[in-house]
Amino acid sequence: MDCDRGLPGVPVKENDGANDDRLMREAVVEACRARDRDEVPVGAVVVLDGVVVGRGCNQPVHGVDPTAHAEIVALRAAARTVGNYRLTGAAIYVTVEPCLMCAGAIVHARIGRLVSGAHEPKTGAVRSTMHVLDDPSLNHRVEVVGGVLERECRELIRVFFAQRRPGAKTAIG
């Protein structure tokens, strides 16, 4: 897995047909940062008007914060960058399908598009265990694209857990 692409804090412009793959690679960079800190390797970036405005990696252990999932960290960073908690028209790229908490935060932030990598069969709340973003009672709709760089994203998780739990099979891999 190539984890050396992207530079934290450097904007990435969208300018060709490979946007989803390239921007997911930015999320993979964040996932590698989490892995290197012994956190579950999940990364996210928020893109608004073609520029990455927020980055985040999983850090609940390091931050002693159960809400410090990659998506939440990236949404918080984007809100600070933009100066508004509503990120209308933004897209979020995340290496693993969001959980219920993160899906709720995506709705509250008014994200327009969610692009995810690996499905999460145990806690994925967007397509795997629930379809929370499709709930008709929500006052905001999010376009969902899944499976972008799925193999690479899934492999990061599989290897991480294989190294910690030899012989155990992960749900993702």
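Please refer to the structure higher up on the page.
About the thresholds
- Residues numbered from 1 in each chain as written.
- Predicted model: local features only at pLDDT ≥ 70, side-chain atom pairs only at ≥ 80, totals over all residues.
- Heavy atoms only, no water.
- Buried < 20%, exposed > 50% of the residue type's maximum accessible area, 1.4 Å probe, protein only.
- Helix = DSSP H or I, 4+ residues; strand = E, 2+ residues; numbered from the N terminus.
- Pairing = 2+ DSSP bridges.
- Axes fitted to C-alpha atoms, helices over the stretch in contact; angles between N-to-C directions.
- Contact = heavy atoms within 4.5 Å.
- Core = buried A, V, L, I, M, F, W, Y, C linked by side-chain atoms within 4.5 Å.
- Parallel < 35°, antiparallel > 145°, perpendicular 65-115°, else oblique.
- Left-handed = near helix turned anticlockwise from the far one by under 90°.
- Nonpolar A, V, L, I, M, F, W, Y, C, P; charged D, E, K, R; others polar.
- Salt bridge = Lys/Arg side-chain N within 4 Å of Asp/Glu carboxyl O.

Overview of the pairing of strand 3 (residues 91–96)
Of all 6 residues making up strand 3, 6 are buried, and the element is well covered by its neighbours. Two elements, strand 1 (residues 43–48) and strand 3, share 4 bridges in a ladder whose sense is antiparallel. Bridged to Val46 within strand 3 is Ile92. Relative to strand 4 (residues 113–118), strand 3 is paired through 5 bridges, and the arrangement is parallel.

What to know about the sheet that holds strand 2 (residues 51–57)
Ordered by their spatial adjacency, 5 strands build an open sheet running 2-1-3-4-5, and the pairing between neighbours is mixed. Of all strands in the sheet, those with a lone pairing partner are strand 2 and strand 5 (143–145), marking the two edges. Pairwise comparison of adjacent strand axes, ignoring direction, gives a mean angle of 15° for this sheet. Packing of helix 2 (residues 70–82) onto the sheet brings it into contact with strand 1, strand 2 and strand 3, and relative to strand 2 it is tilted by some 145°. Running over the sheet, helix 4 (residues 150–164) touches strand 3 and strand 4 and is turned about 60° from strand 4.

Side note on the nonpolar core
Counting 27 residues, the largest nonpolar core has Val46, Leu75, Leu87, Ile92, Ile111 and Leu114 as its most contacted members. Secondary structure elements with two or more residues in this core: strand 1, strand 2, helix 2, strand 3, helix 3 (100–108) and helix 4. Element by element, the count of residues in this core is highest for helix 2, at 4 residues. Beyond its immediate sequence surroundings of up to four residues, Leu87 is in contact with Val46, Leu75, Ala78, Ala79, Val82, Ala109, Arg110 and Ile111. Within the second largest apolar cluster, 18 residues are counted, among which are Ala91, Val115, Val148 and Leu149.

Regarding the packing of helix 2 against helix 3
Orientation of helix 2 relative to helix 3, taken along the N-to-C sense of each, is 25°, at an axis distance of 9 Å. Considering their axes alone, helix 2 and helix 3 lie roughly parallel with respect to each other. Considering the relative orientation of helix 2 and helix 3, their crossing is left-handed. Residue-level contacts link Glu71, Ile72 and Leu75 of helix 2 to Met101, Cys102, Ala105 and Ile106 of helix 3. Of the residues belonging to the contact of helix 2 with helix 3, the class tally is 6 nonpolar, no polar and 1 charged.

Some details on the pattern of salt bridges
Within the structure shown, the criterion is met by 11 salt bridges. In this structure, Arg113 engages Asp20 in a salt bridge whose closest nitrogen and oxygen atoms are separated by 2.9 Å. Taken together, the positions of Arg113 in strand 4 and Asp20 in helix 1 (residues 19–36) put the pair 93 residues apart, joining distant regions of the chain. The shortest N-O distance in the salt bridge between Asp134 and Arg127 comes to 2.9 Å. A single salt-bridge network, built from bridges that share partners, covers Glu26, Glu30, Arg33 and Arg55.

Describing unusual backbone geometry
With a phi angle near 55°, Asp49 is a residue other than glycine that sits in the positive phi range. Along the chain, Asp49 turns up in the loop between strand 1 and strand 2. For Val64, which is not glycine, the phi dihedral falls at a positive 45°. Here Val64 is to be found in the loop between strand 2 and helix 2. According to the relative accessible area criterion, Val64 is exposed, its value standing at 72%.

Nothing here speaks to function; it is all geometry.
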